[in-house]
Amino acid sequence: MDLLPLIPDNITEVLTKIIRFSALRSVVLHRNIEEADTPGYVPADLPVSEFAEILDEAVVEHLRSRRLLFRDTANITFCENGRMNVQPVVDDLAHALRQVNPDEYVALQVSKLRENSLNRQVTIQLLKRSGSKITSLQESDWEAATPANRPTELSSRPNTTD
């Protein structure tokens, strides 16, 4: 049974936010790998659990009141035109691992990139199955997330408080 047609129209906005978040996260994870040998570099990540909680609350609010409301948090703020600003946070586990085993540190970053890419691919498929077209902006979110061309929606310095 295909349940996607039963999902409210606002699912497009939720899925688009996930695509944007995964594009921004890719930038941070790639940078962690690029800077693996840089003395003093502190690895970062995006606040994944915080983002998931925001999405959960937005969907619950939508089901309760038929409105989709994304609330700002310490590290994530929502702006006009569907944009969001995300403040990277220090990845303490990766930082500790980098100090004792650089190879395992890089393997961890690659694993996170794979997970992030899978999340993006699944989200794109859900968006397509919901009947929504993926706009060139959504597709370019991923292409723009390369180290040479970082999205402007990403803050440059990790937040040291979680």
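Keep in mind the model is a prediction, meaning the values are calculated, not measured.

Asks: Can you tell me about the packing of aromatic side chains, naming the residues and giving the values?
Replies: Following the criterion strictly, the structure yields 2 aromatic pairs and no others. Aromatic pair Phe21 and Phe51: ring centres 4.0 Å apart, planes at 5 degrees, arrangement stacked. Of this pair, Phe21 sits in helix H1 (residues 11–34) while Phe51 sits in helix H2 (residues 48–65); the two residues are 30 residues apart in sequence, bridging distant segments of the chain. Taking the ring centre of Phe70 as reference, the NZ or CZ of Lys17 above it sits at 5.0 Å.

Asks: Residues and numbers for the packing of H1 against helix H4 (residues 102–129), please.
Replies: Packing of H1 against H4 leaves a shortest axis separation of 9 Å and a crossing angle of 160 degrees. Looking at the two axes, H1 sits roughly antiparallel to H4. Our pair here, H1 against H4, has a crossing hand that is left-handed. Contact residues: Thr12, Leu15, Thr16, Ile18, Ile19, Ser22, Arg25, Ser26, Leu29, His30, Asn32 and Ile33 in H1; Tyr105, Gln109, Val110, Lys112, Leu113, Glu115, Asn116, Arg120, Thr123, Ile124, Leu126 and Leu127 in H4.

Asks: Quick one: what's the story with unusual backbone geometry, residue by residue and with numbers?
Replies: Phi is positive for Arg66, close to 65 degrees, though the residue is something other than glycine. Note on placement: Arg66 falls in the loop between H2 and strand E2 (76–78).

Asks: Which residues make up a nonpolar patch on the surface, and what are the values?
Replies: Taken together, the side chains of Leu118, Val122 and Leu126 define a hydrophobic patch exposed on the protein surface, amounting to about 240 Å² of accessible area. Relative to the helices and strands, Leu126 resides in helix H4. Since its relative accessible area comes to 32%, Leu126 is described here as partly exposed.

Asks: Mind laying out H2, listing which residues take part and the relevant values?
Replies: A rise of 1.5 Å per residue sets the reference length of H2, with its 18 residues, at 26 Å; its end C-alpha atoms lie 26 Å apart and thus fit the reference within 8%. Where H2 is buried, its residues meet H1, E2 and strand E3 (84–86). Positive backbone phi, approximately 65 degrees, marks Arg66, located one or two places after H2.

Asks: Explain the side chain of Gln109 to me, and be specific about the residues and the numbers.
Replies: Tracing the chain through its elements places Gln109 in helix H4. Gln109 gets classed as buried once you look at its relative accessible area, which sits at 0%. Aside from chain neighbours lying at most four places away, what touches Gln109 is Leu29, Asn32, Ile33 and Ala94.

Asks: Quick rundown of the pattern of salt bridges? Include the residues and the values.
Replies: Here the structure, examined in full by the defined rule, presents 9 salt bridges. The salt bridge partner of Lys112 is Asp45, with a shortest N-O separation of 3.3 Å. Placement of the pair is Lys112 in helix H4 and Asp45 in strand E1 (residues 44–45), with a sequence separation of 67 residues. Side by side, Lys112 and Asp45 carry an identical accessibility label, which is buried.

Definitions and cut-offs
- Residues numbered from 1 in each chain as written.
- Predicted model: local features only at pLDDT ≥ 70, side-chain atom pairs only at ≥ 80, totals over all residues.
- Heavy atoms only, no water.
- Phe/Tyr/Trp six-rings, centres within 6.5 Å; stacked < 30°, edge-to-face > 60°.
- Helix = DSSP H or I, 4+ residues; strand = E, 2+ residues; numbered from the N terminus.
- Lys NZ or Arg CZ within 6 Å of the ring centre and 35° of its normal.
- Axes fitted to C-alpha atoms, helices over the stretch in contact; angles between N-to-C directions.
- Parallel < 35°, antiparallel > 145°, perpendicular 65-115°, else oblique.
- Left-handed = near helix turned anticlockwise from the far one by under 90°.
- Contact = heavy atoms within 4.5 Å.
- Patch = residues over 30% accessible without salt bridge, like charges linked within 9 Å, V, L, I, M, F, W, Y side chains within 5 Å.
- Areas by Shrake-Rupley, 256 points an atom, 1.4 Å probe, with all protein chains shown as cover.
- Salt bridge = Lys/Arg side-chain N within 4 Å of Asp/Glu carboxyl O.
- Buried < 20%, exposed > 50% of the residue type's maximum accessible area, 1.4 Å probe, protein only.
- Expected span 1.5 Å × (residues − 1).

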